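Commentary on secondary and tertiary structure
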Amino acid sequence: MPHAPDADIEPVLRMLTERGHPDFRGYKRTTLRRRIERRAGLHGLAGTAEYMLLLRASAQELELLARELLIGVTAFFRDEPVWDALRRHVLPVLLSGGDPQEPFRAWVAGCSTGEEAYSLAMLVREVLDELAPARRRPVQIFATDLNTDAVTVARRAVYPARIVSEVGLDRLQRHFAPAGSSWRVAQPVREMVVFAGHDMLASPPFVRLDLLSCRNVMIYFNTGMQRRMVPTFRYSLRPGGVLMLGHCETIGSFDASFEALDARLRLYRRPDPDHAPRWVPGRDATAANLPDANQEPAMTEDRDSPEPPACAGPLQAATERLLLQAFAPPLVLVDAQGNVLYTSGNTAPYLDPPAGRTDSNVHAMARPGLQRALADAVPQAIARGAVVELPDLVVEGSGQSRRVHVTVRALSESPALAGTVLVSFRDVAVGGVPAPRRRGRRASDRSLEAELSRARDEMQSLREEMGASQEELQAANEELQSTNEELRSTNEELSGSKEELLAINEELHAVNLELQAKLADLALAQSDIRNLLAVSDLAVVFLDGELRVRDFTERARALLALREADLGLPLPTLAERAGCPQLEQAVPDALRTLVVTPCDGLTAAGRRLSIRVRPYLRMDNVISGAVLTLCDAPSA
């Protein structure tokens, strides 16, 4: 069946929603398309349009499709390193901290048939047993899933004997009780967990949680839905709460919303407290209805402290401005490329923006005498992380020359200033000394000026090339980031395919077990029939649909001198072997009239036989050959 475009599967998804099934439009289209094509292929349909006709006519098929789209592959302690880290490092902190009267609250979203929820409950019980009784907190674990059939299985808390390979013998004996050939979750563990049907994409989330586990669920969501769910998870957690994701899932671009406890194991912690606005169902969780990851708590006004004078702010600013003008040297703050970030004081004698351009680069703005020195000093200061002094530079501008002491200082006092450089200017002699005007310049001076002009042009060209290279590198970096996102999306799709294959493998395993049981029943029935024929000492020959010998009993072997090589013997040859030419007509007559037809034969050994012919009827009343019963004919 060819791949159905997204437009073709939209009517299917819309029909599911209209008939009361979950809204799957937030799921990845590739996963939905594969599952829909699989259901259509099982019915031998060529396309989605034909499958839509079947869905409109069959409510049962629509129900089966909805279940097909809800992939539920799970196991106890799946991804063991994650549970080991949770047991050793996370749960002891969460369970021993806070108010002992405040319950420990956890939410297992997408719990499927309950294995992960009970895995968490078992670890919580083990950690609580190690704590002093006074420090043990009450426990509330909420486990939800969209598939109500899976939730029903989880509530029963009965699992097959094969879980010993997942749980381990020690935990099996500690947290389970025998239930026939299966195992039932022990009552102390079962009472910790509350199961419920819940649509995490549309229903309000659980809140005030210490732990939220949503593993291998978001890999089935599209990118927009993933971006919506991560802020929802943050909203659900208390400050200090822990988020568990699957091994192919990440928090994406919400790095500021969580602290990575172990990014490799996908364990994240919600940081310091902030505002918690009301959650509004159906709205995008990245909007203002959920807490902002970088929002700080609002400051409350202290009514007991005296209010400052109304003129304190303007007076302070004016005073600081006068002090800067009187005592602080002119300065400019630049980044590693020389781009101006901030200026203070009168920098006009040292910096002059080029005419016709709005260039804010200090190297382009520097007056003659400063350009080469700054071009060398800025990267040198950044590389050393120290101060570079440029004493006694002669700067020319506006018909004057002045001697200037330049200080270039790399700043690292705060993360915001990292990679920046502060350039300050201080005149060696107060005031400028008018540069003597020369009526004529020597040829050597003109040659030096020409060389200097060429050097400046070359430097400017190099700066432009460097800027172009930086733009190309930035574009390449953005392409790599885009490629990385595509690879991550592909990895998630492959993980989803793996989950589907695991589900199909489990289905095939169950079908294989059923087939083995039926084969055993068939083998037993065949043995019963053979023993019955052997005990009754009947001579019976079975003919197939083409009237060839298909099987015979031991008594028939003796009467007609049959061998194993005679299987497939045609009816005329058998009639000749039995000495009964009329048998060739008696068999078709019995099949046509459905009446037992007798005839007599005389074997080559001179033995008279009485032969009765009857049709061979299958269990579904279909004629599939004939049955010949032979016995010795009475003496004349």
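Because the structure is a prediction, the values reported are computed rather than measured. (Residues numbered from 1 in each chain as written. Predicted model: local features only at pLDDT ≥ 70, side-chain atom pairs only at ≥ 80, totals over all residues. Heavy atoms only, no water.)

**What about the sheet that holds strand S3 (residues 158-159)?**
What counts is decided by this rule: One bridge is not enough; two strands pair if DSSP finds at least two bridges between them. To qualify as a helix, a DSSP run of H or I must reach at least 4 residues; to qualify as a strand, a run of E must reach at least 2; elements of each kind are numbered from the N terminus.
With antiparallel pairing, 3 strands are arranged side by side in an open sheet as S3-S5-S4. Where the open sheet ends on each side, the last strands, each with one partner, are S3 and strand S4 (176-179). One ladder, built from 2 bridges, connects S3 with strand S5 (residues 182-185); its direction is antiparallel. Residue Val158 lies in a different strand from S5, and its bridge partner there is Arg184.

**A closer look at the packing of helix H3 (residues 48-57) against helix H4 (residues 59-69)**
Here is the rule: To obtain an axis, a line is fitted to C-alpha atoms, over the contacting stretch when the element is a helix, and the angle between two such axes runs from 0 to 180 degrees between their N-to-C directions. The labels follow the angle: roughly parallel below 35 degrees, roughly antiparallel above 145, roughly perpendicular from 65 to 115, and oblique for the rest. Contact definition: two residues touch when any of their heavy atoms are within 4.5 Å. Note on residue classes: Ala, Val, Leu, Ile, Met, Phe, Trp, Tyr, Cys and Pro are nonpolar, Asp, Glu, Lys and Arg are charged, and everything else, Gly too, is polar.
In contact at an axis separation of 5 Å, H3 and H4 are set at 115° when each is read in the N-to-C sense. Classified by the angle between their axes, H3 and H4 sit roughly perpendicular to one another. Where H3 abuts H4, its residues Tyr51, Leu54, Leu55 and Ala57 lie against Ala59, Glu61, Leu62 and Leu65. Here the contact of H3 with H4 is built from residues that sort into 7 nonpolar, no polar and 1 charged.

**A few points about H3**
Here is the rule: Only protein chains enter the accessibility calculation, which uses a 1.4 Å probe; a residue is then buried when its area is under 20% of its type maximum, exposed when over 50%, and partly exposed in between. Each direction from the helix axis to a C-beta atom contributes to the arc, which is the arc of those directions.
Three or more residues of H3 are buried, namely Thr48, Tyr51, Met52 and Leu55. The arc that holds the buried residues of H3, viewed along the axis, is 110°, so those residues lie on one side. Exposed positions of H3 whose direction lies more than 90 degrees from the buried face are Ala49, Leu53, Arg56 and Ala57.

**Observations regarding the confidence of the model for the chain**
Here is the rule: By definition, pLDDT measures how confident the predictor is in each residue, and it falls between 0 and 100.
Per-residue confidence for the chain gives a mean pLDDT of 80; residues scoring 70 or more make up 84%. Counted against residues more than four places away or in other chains, residues 274-313, with its pLDDT under 50, gives 50 contacts. Within the model, pLDDT remains below 50 along residues 430-441, and this stretch shows 11 contacts once partners closer than five positions in the same chain are excluded.

**Observations regarding the nonpolar core**
The nonpolar side chains of a soluble globular protein tend to be buried with one another. Put simply, the rule reads: Residue types Ala, Val, Leu, Ile, Met, Phe, Trp, Tyr and Cys, when buried and joined through side-chain atoms within 4.5 Å, form a set referred to as a nonpolar core.
Counting 47 residues, the largest nonpolar core has Met200, Phe221, Phe233 and Leu243 as its most contacted members. For this core, the secondary-structure elements that each account for two or more residues are helix H1 (6-18), helix H2 (29-42), H3, H4, strand S1 (104-109), strand S7 (209-214), helix H11 (223-236) and strand S8 (237-245). Here the element with the most residues in this core is H1; it accounts for 5 residues. One finds Ala85, Tyr159, Leu172 and Met192 within the second-largest nonpolar core, a separate group that totals 45 residues.

**Things to note about the packing of aromatic side chains**
Using the following cut-off: Only the six-membered ring of Trp is used, alongside the rings of Phe and Tyr, when aromatic pairs are assigned; centres must lie within 6.5 Å, and planes under 30 degrees apart are stacked while those over 60 apart are edge-to-face, with the rest tilted. Two thresholds decide whether a charge sits over a ring: the Lys NZ or Arg CZ must be within 6 Å of the ring centre and within 35 degrees of the ring normal.
All told, the structure shown has 11 aromatic pairs when counted by the stated rule. Between Phe76 and Tyr159, the ring centres sit 5.1 Å apart and the planes meet at 80°, which makes this aromatic pair edge-to-face. One end of the pair, Phe76, is in the loop between H4 and helix H5 (80-96); the other, Tyr159, is in strand S3, with 83 residues separating them in the sequence. Grouping residues by exposure puts Phe76 and Tyr159 together as buried. One aromatic cluster is present, built from ring pairs that chain together Phe76, Tyr118, Tyr159, Phe176 and Phe195. Across from the ring centre of Phe77, 4.6 Å away, lies the NZ or CZ of Arg171, which sits over that ring. The ring centre of Tyr616 lies 5.0 Å from the NZ or CZ of Arg550, which sits over that ring.

**Topic: a nonpolar patch on the surface**
Worth spelling out the cut-off: Each patch is assembled from residues with relative accessible area greater than 30% and no salt bridge, linking like charges that lie within 9 Å and nonpolar side chains (Val, Leu, Ile, Met, Phe, Trp, Tyr) that lie within 5 Å. Areas reported here follow the Shrake-Rupley algorithm with a probe of radius 1.4 Å; residue values treat only the protein chains shown as occluding. The term salt bridge refers to a pairing of a side-chain nitrogen on Lys or Arg with a carboxyl oxygen on Asp or Glu at a separation within 4 Å.
Among the surface-exposed residues, Leu594, Leu617 and Ile623 lie close enough to one another that they form a single nonpolar patch of about 280 Å² accessible area. Considering the arrangement of structural elements, one finds Leu594 in the loop between helix H18 (583-593) and strand S19 (597-602). Given the relative accessible area of 55%, Leu594 is considered exposed.

**Things to note about the side chain of His405**
The following threshold applies: Under the rule applied, a polar contact is a pair of N or O atoms within 3.5 Å (in protein, one hydrogen donor and one hydrogen acceptor; residues adjacent in sequence only if both atoms are side-chain atoms).
Looking at the element boundaries, His405 is found in strand S14 (residues 400-411). At 2.7 Å, the side chain of His405 and the side chain of Glu389 are in polar contact.

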